[in-house]
Every structure is written in C-alpha cells, then in structure tokens.
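# Summary of structural features
Chain by chain, the residues:
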Amino acid sequence: GAGVSQSPSNKVTEKGKDVELRCDPISGHTALYWYRQSLGQGLEFLIYFQGNSAPDKSGLPSDRFSAERTGGSVSTLTIQRTQQEDSAVYLCASSSRTGFSSNQPQHFGDGTRLSIL
Amino acid sequence: DAKTTQPNSMESNEEEPVHLPCNHSTISGTDYIHWYRQLPSQGPEYVIHGLTSNVNNRMASLAIAEDRKSSTLILHRATLRDAAVYYCILRIQTGANNLFFGTGTRLTVIP
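Let me sum up the structure you'll find in this document. Quantities reported herein were computed from a predicted structural model and do not represent experimental measurements.

Each value, and the rule that gives it
- Residues numbered from 1 in each chain as written.
- Chains lettered and ligands numbered in written order.
- Predicted model: local features only at pLDDT ≥ 70, side-chain atom pairs only at ≥ 80, totals over all residues.
- Heavy atoms only, no water.
- Helix = DSSP H or I, 4+ residues; strand = E, 2+ residues; numbered from the N terminus.
- Rg over C-alpha atoms; globule rule 2.2 N^0.38 Å.
- Buried < 20%, exposed > 50% of the residue type's maximum accessible area, 1.4 Å probe, protein only.
- Contact = heavy atoms within 4.5 Å.
- Areas by Shrake-Rupley, 256 points an atom, 1.4 Å probe, with all protein chains shown as cover.
- Core = buried A, V, L, I, M, F, W, Y, C linked by side-chain atoms within 4.5 Å.
- Pairing = 2+ DSSP bridges.
- Axes fitted to C-alpha atoms, helices over the stretch in contact; angles between N-to-C directions.
- Polar contact = N/O pair within 3.5 Å; in protein donor to acceptor, adjacent residues only side chain to side chain.
- Disulfide = S-S within 2.5 Å.

Counting its regular elements, chain B contains zero helices and nine strands. Its C-alpha atoms give chain B a radius of gyration of 13 Å, near enough to 13 Å, the size a compact globule of 111 residues would have. Scored against the burial criterion, the 111 residues of chain B give a buried share of 45%. Counting contacts in chain B only where the partners sit at least 6 residues apart, residues at least 24 apart contribute 55% of the total. When the accessible area of chain B is evaluated, it comes to approximately 5,500 Å², of which 48% is carbon and sulfur surface.

If you look at the biggest cluster of nonpolar residues, it comprises 21 residues, and the most contacted ones within it are Leu20(B), Ile33(B), Trp35(B), Leu73(B), Leu75(B), Tyr86(B) and Leu107(B). When residues of this core are traced back to their parent elements, those giving at least two are strand 2 (18–23), strand 3 (32–38), strand 4 (45–50), strand 6 (61–64), strand 7 (70–75), strand 8 (84–91) and strand 9 (105–110) of chain B. For this core, the element with the most residues is strand 8 of chain B, which contributes four residues. Dropping the residues within four chain positions of it, Leu73(B) is found in contact with Val18(B), His19(B), Leu20(B), Trp35(B), Val47(B), Ile48(B), Ala60(B), Ser61(B) and Tyr86(B). Of all hydrophobic cores here, the second largest spans 20 residues; its members include Ile26(A), Leu60(A), Cys92(A) and Leu114(A).

Residue and element names in this part refer to chain B. The strand order 1-9-8-3-4 describes an open sheet built from five strands, whose pairing is mixed. With one partner strand each, in any of the chains shown, strand 1 (9–13) and strand 4 form the two edges of the open sheet. When the angles between neighbouring strand axes are averaged without regard to direction, this sheet yields 25 degrees. Bridging between strand 1 and strand 9 involves five bridges; their strand directions are parallel. Note that in strand 9 the partner of Asn-13 across the bridge is Ile-110.

This part is about the side chain of Gln37(A). Inspection of the secondary structure assignment puts Gln37(A) in strand 4 (residues 31–37). Residue classification places Gln37(A) among the buried positions, given a relative accessible area of 13%. Not counting residues within four places of it along the chain, the set of residues in contact with Gln37(A) comprises Gly42(A), Leu43(A), Ala88(A), Val89(A), Leu91(A), Gln38(B) and Tyr87(B).

This next bit is on the side chain of Asp86(A). Residue and element names in this part refer to chain A. With respect to the helices and strands, the residue Asp-86 is situated in the loop between strand 8 (75–79) and strand 9 (88–95). When its relative accessible area of 1% is taken as the criterion, Asp-86 is described as buried. A distance of 2.8 Å separates the side chain of Asp-86 from the side chain of Arg-64, its partner in a polar contact. Ignoring any residue separated from it by four or fewer positions in sequence, one finds Asp-86 in contact with Arg-36, Arg-64, Phe-65, Ile-79, Leu-114 and Ile-116.

With that out of the way, let us pick up the sheet that holds strand 7 of chain B. All names here are of chain B. Spatially, 2-7-6-5 is the arrangement adopted by the four strands of the open sheet, whose pairing is antiparallel. Two strands bound the open sheet, and with one partner strand each, they are strand 2 and strand 5 (55–56). The sheet contact formed by strand 6 and strand 7 spans four bridges and is antiparallel. In the strand pairing of strand 7, Leu-62 is matched with Leu-73.

Moving on: the state of the cysteines. All names here are of chain A. Within the structure shown, the criterion is met by two disulfides over all chains. With its sulfur 1.9 Å from that of its partner, Cys-23 forms a disulfide with Cys-92. Between Cys-23 and Cys-92 the sulfur-sulfur dihedral comes to about -65 degrees; the bridge is accordingly left-handed. Here Cys-23 is found in strand 3 (residues 19–24), whereas its partner Cys-92 is found in strand 9, with 69 residues between them in sequence.

Geometric values such as these leave the question of function open.
In structure tokens form, the structure reads like this:
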C-alpha cells in the first residue's frame, strides 16, 4: 500500500523566499508529525496534528514557520523569508492514533531536502 | 525528555548477530522503549518496541533489563541492508506523543 508521500523531494531556493512543503499521510492516519534533520544531526520535532488541529506548536523554531492540515489528510509546512539555517531535510510521519498510551508506530516519508542559497 | 545513551558506532560481520545496546537510567514507569532505524537518504523506519518483557518480530528482538534501565536490540543475522543508524527512543505517554531522537548508533556491516 501507499506510504507517506512528501513533495518536493528536493528544493533549492534563495534566502528570503517562502517555501511550502507538502505531506500526504497514509490514508486513515489521524496523527501527523513534522520533524527536521540538519546535516549530521538527529531528528528535531517541529509540530504534530491530531486531525486538523495542532495542539502543540512549541517545536516550531520561529514565527516564520507555520503548518496546516486540511480534511484530516494533507499537511503543508510553510517557511517564510527563508534563512540559510533553515537548510535541512524535513520529514513527515503519520500514525493511526495518538494520545495517551498510544504506541502506534510512526511511518515516515523520505523527506524534502531543503537547501537555502 | 527521558534520555538514552548509545554508542556512536558499531561494526558487524555479515550474517553474524548484532547486539546494539542502549542505556536509559532515567526511564519512568510508563515510558515505552522504541527502536527505529534510518537507512541512507531515507526516513526513519520503525523496528520494534516494548515495555517490560522481551519482544520479537520479523525484523529483530528487543531484550529489556529487569530494572528497565537498559535494553538491547538484537539483529539475528546482519545483512548489508541492515547498515543504518539505529535510534533507541523512550516514548512518553503524554502530550504530543512524538519521538525524541538522539544521535543513534551507526551500524556498519562488513561483507
């Protein structure tokens, strides 16, 4: 079956431009997560959605970052006025349930590699 | 965040068993132990998880110490496709329920 799909797979843009990254989760998965991975680093949690709502936005690194999810499915991560330190691989994951005592595995896409010139 | 400690790197010969250790001395009673792995240029992949008892699945086995302060991921026969970074993660049972990734163990499999 189809896994988590992210687009584009690679994005190169100039400093100061806005970018949109897209995530298509596995069908029926209610929980969706965004992480980013800088070169040689571990994964950093950014935000999660339960359905269309994002109860926890504390991981977003600055107010230039925002995310939305519509129809309980596709999510978009937007970075405004990009900076060079935003260069990283942005990973999306989905799982069938979240909340207390959830241990459903998270299924990851292969990420969007973002390079800011 | 509950912290885990893993060796930065390990090597194994192909077709031999691999034991990947993880220390988590500050684990709380409700934290589950999860393992994910990340192959080059791919997103992380779920491997296995457990709470107190040892667990087996088609990919690996998880051995959990009686005091739960350490665990070991066991790959029974390493293949070249098992070369990856392996992350040991304590999954808290509140809030976002997200995964806190450390730096993991880079496993090299020698043919």
